[in-house]
Amino acid sequence: LEAEAFTARFEPAVTTDNVRIEVGANLGNTSHAADAVERGAEGVGLLRTEFIFMAHPAAPDLDTQVTEYKRAFEALGPGRPLVARTLDVGGDKPLDYWPVPPEDNPFLGLRGIRLALNRPQVLETQMRALITASEGRPLRIMFPMVKDVAEFHQAKAIYDRVVQEFDGVDVQLGVMVEVPSCALLAETLAPHVDFFSIGTNDLTQYTLAIDRGHPRLSGQADGLHPAVLRLILMTVAAAEAHGCWVGVCGELASDAQAVGVLVGLGVHELSVNARQVPLVKARIRRLSQAEVSTRAEALLSLATAAEVREAVEAEQ
Ligand code: PEP
Ligand code: MG
């Protein structure tokens, strides 16, 4: 499959029954965008902008950020979207120049959008830089670790102020679904957002209460756990009712056993490490959406991740 996948990497990923799934790349460094395109990525599905901040001794100013983001937009060309996640620090990703008071539980502390909302001027500069760099090309901005619509609205208020400075933008606003409450309440968010991007790494960690980096337990933090699958389905159902699109940008999106499950649950986009793009596209081309959707429904009534994996294995 690998050789075949590589040859067809620039072809779209369309199921045997004609459902197109977008396949994008996850990036932490905008200088890798050109390579992602060369591997067949149809956009950047997750730009982890915190790595740009971590690479600087102090918060990068507007011009520095514009230069960074422009590099990605230029590599992508006019048609491929860039999904940028606003600064996601705290928890496992501390930023030296923004020390957070010691916390007993950093993963449940000041992190993600909560931390960014504490420094609204940083969020404002970041969104101004992103929109400036986009020059009308498709930009999708999403906020990390959002727990409910109130948090989204706080972040959106900043965006609304900034976007007024520009004409002719192509921007969509979304949230990452990585806190269980966000999936459980997706119905209340869907009328307000353009898209959801499911961060299965954190969503699994918070649903199963297992530290994703735990040396002994992380193996049990399996995104194919039926509890996680139910949250994904809730998100997709809410999105469909309100015309939003749904992507998955966590590691699960490149798991060979999970691609069919995610497509079966009705996800529209997968974003994976650039190296995996050709293979993920090839896997999608072998699926029938109708078939995987019937199978995915059956998985939801299982009790454990092991049962899900066994069932998927048996079908492959
Ligand atoms: C996730 O949580 O699944 C995700 C994509 O974000 P990160 O891995 O950067 O926390
Ligand atoms: Mg995350």
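The written sequence of each chain sets the order in which its residues are numbered from 1. Just so you know, chain letters begin at A and ligand numbers begin at 1, following the order they were written in. For a predicted model such as this one, the threshold for reporting local features is a pLDDT of at least 70, and the threshold for listing and counting side-chain atom pairs is 80 or more; totals across whole chains, interfaces and linings nevertheless cover every residue.

The protein chain carries the name phosphoenolpyruvate--protein phosphotransferase in an unreviewed UniProt entry, which gives Salinisphaera hydrothermalis as its organism.

Enquirer: What exactly am I supposed to notice about the pairing of strand β5 (residues 139-143) here?
Expert: Residues in a regular strand point their side chains to alternate faces of the sheet. Three classes are used. A residue is buried when 20 or more other C-beta atoms lie within 10 Å of its own, exposed when 12 or fewer do, and partly exposed in between, with C-beta atoms placed from the backbone. Helix and strand labels come from DSSP, where a helix needs a run of H or I of at least four residues and a strand needs a run of E of at least two; each type is numbered from the N terminus. Within β5, five of the five residues are buried, which leaves it mostly tucked inside the rest of the structure. The side-chain alternation of β5 yields two buried faces, one formed by L139, I141 and F143 and the other by R140 and M142. Two strands form a pair only when DSSP identifies at least two bridges running between them. Taken together, the four bridges between strand β4 (residues 82-85) and β5 define a ladder with parallel strand orientation. The residue of β5 that forms the bridge with R85 is M142. As judged from the five bridges shared by β5 and strand β6 (residues 171-177), these two strands associate in the parallel manner. By the bridge assignment for β6, R140 is matched with Q172. With its strands directed away from the observer, a crossover is right-handed exactly when the path from the first strand over the helix to the second travels clockwise. The β-α-β motif built from β5, the intervening helix α7 (residues 149-163) and the parallel element β6 has right-handed crossover chirality.

Enquirer: Just to check I follow, could you spell out the site of ligand 1 for this structure?
Expert: Close contacts around ligand 1 come from L46, R48, E178, G199, T200, N201, D202, C249 and G250, and that covers them all. The set of elements that each furnish at least two residues to the shell around ligand 1 consists of β3 (44-48) and α10 (200-208). It is α10 that provides the largest number of residues to the shell around ligand 1, a total of three residues. When its residues are assigned to classes, the shell around ligand 1 shows two nonpolar, four polar and three charged. Each residue gets a C-beta atom placed from its backbone. If that atom is within 6 Å of a molecule or strand, the residue is near it. Amino acid classes used here: Ala, Val, Leu, Ile, Met, Phe, Trp, Tyr, Cys and Pro are nonpolar; Asp, Glu, Lys and Arg are charged; the rest, including Gly, are polar.

Enquirer: For this particular structure, what's the right way to read the packing of helix α6 (residues 120-134) against α7?
Expert: Between two packed helices, both the angle of their axes relative to each other and the distance between the axes serve to describe the pair. Two elements in contact, α6 and α7, have axes separated by 9 Å at closest approach and are oriented at 50°. Considering their axes alone, α6 and α7 lie oblique with respect to each other. Regarding α6 and α7, the two cross each other, and that crossing is right-handed. Contacts between α6 and α7 involve P120, L123, E124, M127, R128 and I131 on the former and, on the latter, A155, I158, Y159, V162 and V163. Within the contact of α6 with α7, the residues separate by chemical class into nine nonpolar, no polar and two charged. Interaxial angle, 0 to 180 degrees, is taken between N-to-C directions of lines fitted to C-alpha atoms, where a helix line uses only the stretch in contact. An angle below 35 degrees is read as roughly parallel, one above 145 as roughly antiparallel, one from 65 to 115 as roughly perpendicular, and any other as oblique. Here a crossing is called left-handed whenever its near helix is offset anticlockwise from the far helix by less than a right angle, and right-handed whenever the offset is clockwise. In this description, any two residues whose backbone-derived C-beta atoms lie within 7 Å of each other are considered to be in contact.

Enquirer: I tried to follow α6 on my own but got confused; where do I start?
Expert: An α-helix turns once every 3.6 residues. As a result, residues three or four positions apart point the same way. The length a helix should cover is 1.5 Å for every residue beyond the first. In this model, α6 (15 residues) spans 21 Å end to end at C-alpha, consistent with the 21 Å of a helix rising 1.5 Å per residue. Every buried residue of α6 is accounted for by L123, Q126, M127, R128, A129, L130, I131, A133 and S134. Buried residues along α6 sit in contact with α4 (62-76), β4, α5 (112-117), β5, α7 and β6. Immediately beyond the C-terminal end of α6, within one or two residues, lies E135, with a positive phi of roughly 45°.

Enquirer: Just checking my understanding: could you explain the confidence of the model for the protein chain for this structure?
Expert: Close inspection of predicted coordinates is inappropriate in any region flagged by low pLDDT. Averaged over every residue, the pLDDT of the protein chain is 96; the share at 70 or more is 100%. This prediction of the complex comes with two scores: 0.97 for pTM and 0.99 for ipTM. The predictor attaches a confidence to each residue, and that confidence, scored 0 to 100, is pLDDT.

Enquirer: Help me understand the environment of A303 in this model?
Expert: Note on placement: A303 falls in the loop between α14 (289-299) and α15 (305-315). On the basis of neighbour count, A303 is assigned to the exposed category, with 10 C-beta atoms found within 10 Å. Put simply, A303 and A227 are 76 residues apart on the chain and 8.3 Å apart in space, counted from C-alpha to C-alpha.

Enquirer: Would you mind going over the nonpolar core with me for this structure?
Expert: Across soluble globular proteins, you tend to see nonpolar side chains buried next to one another. Residues V44, V175 and L262 are the most contacted members of the largest nonpolar core, which totals 96 residues. The dominant element in this core, judged by the number of residues it contributes, is helix α11 (residues 226-242), at eight residues. Only buried residues count toward a nonpolar core: Ala, Val, Leu, Ile, Met, Phe, Trp, Tyr and Cys, linked into one set through C-beta atoms within 7 Å.

Enquirer: How do you make sense of the packing of α4 against α6 when you look at a structure like this?
Expert: Two elements in contact, α4 and α6, have axes separated by 8 Å at closest approach and are oriented at 45°. It follows from the interaxial angle that α4 and α6 lie oblique. Handedness of the crossing formed by α4 with α6: right-handed. Judged by residue contacts, L62, Q65, V66, Y69, K70 and F73 of α4 engage T125, Q126, R128, A129, L130, T132, A133 and S134 from α6.

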